[in-house]
Amino acid sequence: MAEPAFSLLTMPERPLINDDSRAAWGLASIVLAAALWSVAAVAARDLFDAGMDPLELAAARSFIAAFCLALIPAARRKGTGGSAAAVISLGLSIALVNAVYYSAIARLDVAVALVLQYTAPALVVAWVALRMRRPPTGEVILALVVTFAGVVLVSGIFGASVKEVDLLGVVFGLCASIFFATYTLLSEKAGAAYGVMGALLRGFSAASVMWIVFQATRGWPSELLEPANIPLVLFVGIAGTVLPFIFFLWGVQQVRAERGAIAATSEPILAAGVAWIWLGQALTAIQIIGGILVIAGVISLQIRRNKVVAIEV
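Visitor: How do you make sense of the pattern of salt bridges when you look at a structure like this?
Guide: A side chain with one charge may pair with a side chain of the opposite charge, provided their charged atoms come close. Evaluated as defined, the whole model comprises three salt bridges. Measuring nitrogen to oxygen at the nearest pair gives 2.9 Å for the salt bridge that ties Arg-45 to Asp-49. Highlighted residues: Arg-45 and Asp-49, both in helix 1 (residues 20-49), separated by four residues, approximately one helical turn. Arg-45 gets classed as buried once you look at its relative accessible area, which sits at 13%. Here Arg-218 ties to Asp-53 by a salt bridge, and the two come within 2.0 Å at their closest N and O atoms. Here Asp-53 lies in the loop between helix 1 and helix 2 (54-70) and Arg-218 lies in the loop between helix 8 (167-216) and helix 9 (230-254), a separation of 165 residues in the sequence. Overall, Arg-218 belongs to the partly exposed group, its relative accessible area being 36%.

Visitor: Quick question: what am I supposed to make of the packing of helix 2 against helix 4 (residues 84-107) here?
Guide: In a pair of packed helices, the angle between the axes and the distance between the axes together describe the arrangement. At their nearest, the axes of helix 2 and helix 4 sit 8 Å apart, and the two run at 140° to each other. When the interaxial angle is binned, helix 2 and helix 4 end up oblique. Helix 4 is crossed by helix 2, and the crossing has right-handed handedness. Residues Pro-54, Leu-55, Leu-57, Ala-58, Arg-61 and Ser-62 of helix 2 form the contact with helix 4, whose participating residues are Ile-94, Asn-98, Ala-99, Tyr-102, Ser-103 and Ala-106. Residues that form the contact of helix 2 with helix 4 fall into these classes: eight nonpolar, three polar and one charged.

Visitor: Sorry if this is basic, but what is going on with the packing of helix 4 against helix 5 (residues 110-117) here?
Guide: Relative to each other, helix 4 and helix 5 sit at 145°, their axes nearing to 8 Å. Where helix 4 crosses over helix 5, the two elements pack in a sense that is right-handed. On helix 5, the residues that touch Val-97, Tyr-101, Ala-104 and Ile-105 of helix 4 are Val-110, Ala-113, Leu-114 and Gln-117. Along the lines of polarity and charge, the residues of the contact of helix 4 with helix 5 split into seven nonpolar, one polar and no charged.

Visitor: Teacher, can you tell me more about the confidence of the model for the protein here?
Guide: Atomic detail in the predicted coordinates should be set aside for any region of low pLDDT. When pLDDT is averaged across the protein, the result is 75; 69% of the residues are at 70 or more. Mean pLDDT across the elements of the protein bottoms out in helix 10 (residues 257-264) (51) and peaks in helix 2 (92). The low-confidence segment residues 2-18 (pLDDT under 50) makes 50 contacts with residues lying over four places distant or belonging to another chain. Predicted confidence for residues 308-313 stays below pLDDT 50, and this span has three contacts to residues more than four positions away or in other chains.

Visitor: Looking at this model, I keep getting lost on the packing of aromatic side chains. Mind explaining?
Guide: Inspection of every chain in the model, using the stated rule, returns three aromatic pairs. With a centroid separation of 5.3 Å and 35° between ring planes, the pair formed by Tyr-101 and Tyr-102 is classed as tilted. For the pair shown, Tyr-101 and Tyr-102 are each scored as buried. Look at Trp-211 and Phe-214: their rings are 5.5 Å apart centre to centre, the planes differ by 80°, and that puts the pair in the edge-to-face class. With a gap of three residues between them, Trp-211 and Phe-214 both fall in helix 8, about one helical turn apart. By way of ring pairs, the aromatic residues Phe-48, Tyr-101 and Tyr-102 are connected into one cluster.

Visitor: Quick question: what am I supposed to make of the nonpolar core here?
Guide: Across soluble globular proteins, nonpolar side chains show a tendency to be buried alongside one another. Grouped together as the largest cluster of nonpolar side chains are 52 residues, with contacts concentrated most on Leu-57, Tyr-102, Ile-105, Val-110, Phe-204 and Val-233. For this core, the secondary-structure elements that each account for two or more residues are helix 1, helix 2, helix 4, helix 5, helix 8, helix 9 and helix 11 (267-278). Take this core: its biggest share by element is eleven residues, from helix 8. Tyr-102 has contacts with Ala-44, Phe-48, Pro-54, Leu-57, Ala-58, Arg-61 and Val-236, leaving out every residue within four places of it along the chain. Counting residues in each nonpolar core, the second largest holds five residues, with Val-112, Leu-116, Val-165 and Val-170 among its members.

The rules behind each value
- Residues numbered from 1 in each chain as written.
- Predicted model: local features only at pLDDT ≥ 70, side-chain atom pairs only at ≥ 80, totals over all residues.
- Heavy atoms only, no water.
- Salt bridge = Lys/Arg side-chain N within 4 Å of Asp/Glu carboxyl O.
- Helix = DSSP H or I, 4+ residues; strand = E, 2+ residues; numbered from the N terminus.
- Buried < 20%, exposed > 50% of the residue type's maximum accessible area, 1.4 Å probe, protein only.
- Axes fitted to C-alpha atoms, helices over the stretch in contact; angles between N-to-C directions.
- Parallel < 35°, antiparallel > 145°, perpendicular 65-115°, else oblique.
- Left-handed = near helix turned anticlockwise from the far one by under 90°.
- Contact = heavy atoms within 4.5 Å.
- Nonpolar A, V, L, I, M, F, W, Y, C, P; charged D, E, K, R; others polar.
- pLDDT = per-residue confidence, 0-100.
- Phe/Tyr/Trp six-rings, centres within 6.5 Å; stacked < 30°, edge-to-face > 60°.
- Core = buried A, V, L, I, M, F, W, Y, C linked by side-chain atoms within 4.5 Å.

Okay, here's the thing in structure tokens:
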């Protein structure tokens, strides 16, 4: 899942590097991160189909990410006095977004779940507009309408009876969007105090503690620790969480933030392709149109957001 992509847009922008080759490698690194996220999402669905509890995999992802991030010196550096409440809130949002995101994947096609989650930037824009008491422009409103229309189409609700649609899966997907937006806003504050890597380490560590408390009420996660499942679990935690973060962080240093955001929106498209090959999941023509609308809306919002930031700076 591509949770950090939008929070990284809050990082100070570096001037666009003139070296075309280096910029190309930066974009390639971001697309590679999106590819890893998409493959990990499909791997997770494979585990769910085999009987694994989505909540147990969400917990394992936090444990593995926290452990790997703790090995990175930059993540262990002391911050500038960030509050414990901010870290706990960030950890809670990470735990919840993972839980509902995997619950959505367990019930919906992977690409559908991802597109639903990718409505989060629209929520962030709306929240910032309310907080700053500055109404969104007509351009932003149009993008929000287009994004919402895309969600309706990709969810499968349009043209189908209620019995044919997994409404709970759609609710989980939209909840993932809400918690993703919450994570994005909270990570901005925590990132200012601890740096991006430090905020991620502290957030995943707090999430791990919460998952330990939760799992203690459920007993031993036998399916999660089944020897046959461990390779895919480790893949989701390492190649689907830690490595994409690093690739995206490096890539965004090579190009402007808006270019990085546009490259990152390739995740739902890549996930659809991987899910079609791996799981045989195919989208209908209407769902494909909906996905295109959502991606177009997200891209326009990100470009608009960065233009506003540039003007304010």
